[in-house]
Amino acid sequence: MSALILDGKQIAALVRAEWKLRAEKLTQQGTKPGLAVIIVGDDPASALYVKNKIKACNETGIYSEVHSFGGSVEQQKVLDCIQTLNQNVHIHGILVQLPLPPQFENNRVITSIAVEKDVDGFHFYNVGALVTGNTVFSPCTPYGVMVMLERNNIAIEGKHAVVIGRSNIVGKPMAMMLLEKGATVTICTSRTRNLLEFTKNADILVVATGKPRMVTAAMVKPGAVVIDVGINRLADGKLCGDVDYDAVKAVAGHITPVPGGVGPMTITMLLCNTILAAERAQSGIQVKF
Ligand code: NDP
């Protein structure tokens, strides 16, 4: 058996085309969606992510601006910038590119973003909203995974989903979103004993560990849906995921490639969240109680 490939590029293109129409409609009504990105320091990977986000905004009819700070900037300057953007009616989404330099208090910075503009969904209010089934913004990477499953008509209810990884940006929200859709969810971490016992029983296996090709064919239930969130740069410069793609493809029912799987969906969902924030602003919808 060879797994069906879940083509993230193709689904991302479809979703972007649909949301571009929504952005155009909003713009005609006088509200052009706007995203502000804050970047601190000179990490080349972060700079590339920001560049790609800005390009995607341009292609989708979203206004965007970048606020760059040197790595030694005082945190207060960044907080002041966020406060100004919170008040700016032309900006509907604010994103702080992570990681921040070590002198920064991540939580303080993230929670200074207005809840209704927190398009990454990392503000504590939005995390609580997600956990209680009152989602304001779904975090982009797990949101992208859910859309991939949905667009490929992969049922979630009643399935056993195993998520490897418990980060705040991927693993935990991923587990919550699968739970919300009726899956029975197990979260595994580096402390899990006998990982294979869990993964072998997964109907849906989501891997977000940052460990190149750690999930082998022997760990996968035949016919399972395998979602590889990992993006790892190998010594030869090539990218690979957290799943041994070539081997697992022969066992799984569905699988995402790396690159071209979850990656393109993540930026797409950021665009969707920004347009959603602009739609809410235009209709006067309050998201915070
Ligand atoms: P983190 O490093 O924050 O979290 C990794 C998680 O994996 C931790 O919970 C860790 O467990 C767990 N883990 C590590 N090794 C093992 C192991 N051997 N067995 C079981 N669990 C393990 O990473 P992120 O969640 O931020 O990212 C994960 C991967 O996804 C990375 O490759 C990253 O580049 C990629 N990524 C891709 C995105 C995309 O758009 N496609 C977006 C975001 C991330 P513990 O908590 O016990 O340490």
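Fair warning: this is a prediction, and the values are worked out from it, not measured in the lab. (Residues numbered from 1 in each chain as written. Predicted model: local features only at pLDDT ≥ 70, side-chain atom pairs only at ≥ 80, totals over all residues. Heavy atoms only, no water.)

**Section: the overall build of the protein**
And step 1. For the protein, the helix and strand inventory stands at 10 helices and 11 strands.
And step 2. Scaling as 2.2 N^0.38, a compact globule of 289 residues should have a C-alpha radius of gyration of about 19 Å, and the protein matches this with 19 Å.
And step 3. On the principal axes, the C-alpha backbone points of the protein span a range of 55 × 40 × 35 Å.
And step 4. Relative to its full complement of 289 residues, the protein shows a buried share of 50%.
And step 5. Of the contacts formed within the protein by residues at least 6 apart in sequence, a portion of 70% connects residues at least 24 apart.
And step 6. Working note: accessible area of the protein is about 13,800 Å², and carbon and sulfur atoms make up 54% of it.
And step 7. Averaging the positions of the 28 positive and the 24 negative side-chain charges in the protein gives two centres separated by 2 Å. (Helix = DSSP H or I, 4+ residues; strand = E, 2+ residues; numbered from the N terminus. Rg over C-alpha atoms; globule rule 2.2 N^0.38 Å. Buried < 20%, exposed > 50% of the residue type's maximum accessible area, 1.4 Å probe, protein only. Contact = heavy atoms within 4.5 Å. Areas by Shrake-Rupley, 256 points an atom, 1.4 Å probe, with all protein chains shown as cover. Lys, Arg positive; Asp, Glu negative; His and termini not counted. Charge placed at Lys NZ, Arg CZ, Asp CG, Glu CD.)

**A closer look at the site of the ligand**
And step 1. The environment of the ligand is formed by 22 residues, the closest being R166, S167, T189, S190 and T266.
And step 2. Between the ligand and A208 there is a distance of 3.4 Å, counted from an oxygen atom to a backbone nitrogen or oxygen.
And step 3. Top element by residues in the shell around the ligand is helix α10 (residues 262-283). It accounts for 3 residues.
And step 4. Among the residues forming the shell around the ligand, the class breakdown is 9 nonpolar, 11 polar and 2 charged. (Near = heavy atom within 4 Å. Polar contact = N/O pair within 3.5 Å; in protein donor to acceptor, adjacent residues only side chain to side chain. Nonpolar A, V, L, I, M, F, W, Y, C, P; charged D, E, K, R; others polar.)

**Description of the packing of helix α2 (residues 44-60) against α10**
And step 1. Two elements in contact, α2 and α10, have axes separated by 10 Å at closest approach and are oriented at 55°. By the angle between their directions, the pair α2 and α10 is classed as oblique. Every pair of crossing elements has a handedness; the one defined by α2 and α10 is right-handed. Contact residues: α2 offers N52, K53, A56, C57 and T60, while α10 offers I267, L270, L271 and I275.
And step 2. Partitioning the contact of α2 with α10 into residue classes produces 6 nonpolar, 2 polar and 1 charged. (Axes fitted to C-alpha atoms, helices over the stretch in contact; angles between N-to-C directions. Parallel < 35°, antiparallel > 145°, perpendicular 65-115°, else oblique. Left-handed = near helix turned anticlockwise from the far one by under 90°.)

**Section: the domain arrangement of the protein**
And step 1. We note that the domain assignment places domain 1 (29-114) and domain 2 (140-263) within the protein.
And step 2. Using only C-alpha atoms to locate each centre, domain 1 and domain 2 end up separated by 29 Å. (Domains from an automatic or database assignment.)

**Quick notes on the environment of T216**
And step 1. Along the chain, the position of T216 falls in the loop between β7 (204-207) and β8 (225-228).
And step 2. Separated by 28 residues in sequence, T216 and D244 have C-alpha atoms that sit 5.4 Å apart.
And step 3. In this structure, T216 is in contact with D244 and V248, ignoring residues within four places of it in sequence.

**With respect to the nonpolar core**
And step 1. The biggest cluster of nonpolar side chains holds 55 residues, and the ones touching the most others in it are L35, L149, L178, V206 and I227.
And step 2. In terms of residue count, α10 provides more of this core than any other element does, 10 residues in total.
And step 3. In contact with L149, not counting residues within four places along its chain, are I154, I156, L178, V225 and I227.
And step 4. In this structure, F69, L85, V109 and I113 belong to the second largest nonpolar core, which totals 19 residues. (Core = buried A, V, L, I, M, F, W, Y, C linked by side-chain atoms within 4.5 Å.)

**Looking at the sheet that holds strand β4 (residues 93-96)**
And step 1. In spatial order, the strands read β3-β2-β4; together these 3 strands make up an open sheet with parallel pairing. The open sheet is flanked by β3 (63-69) and β4, the only strands paired with a single partner. Sheet twist, expressed as the average angle between the axes of neighbouring strands with direction ignored, equals 15°.
And step 2. Inspection of the sheet shows strand β2 (residues 34-40) paired to β4 by 4 bridges, in the parallel sense. From the neighbouring strand, V37 faces β4, where its bridge partner is L95.
And step 3. In the packing of α2 onto the sheet, contacts are made with β2, β3 and β4, and the angle to β2 comes to roughly 170°. (Pairing = 2+ DSSP bridges.)

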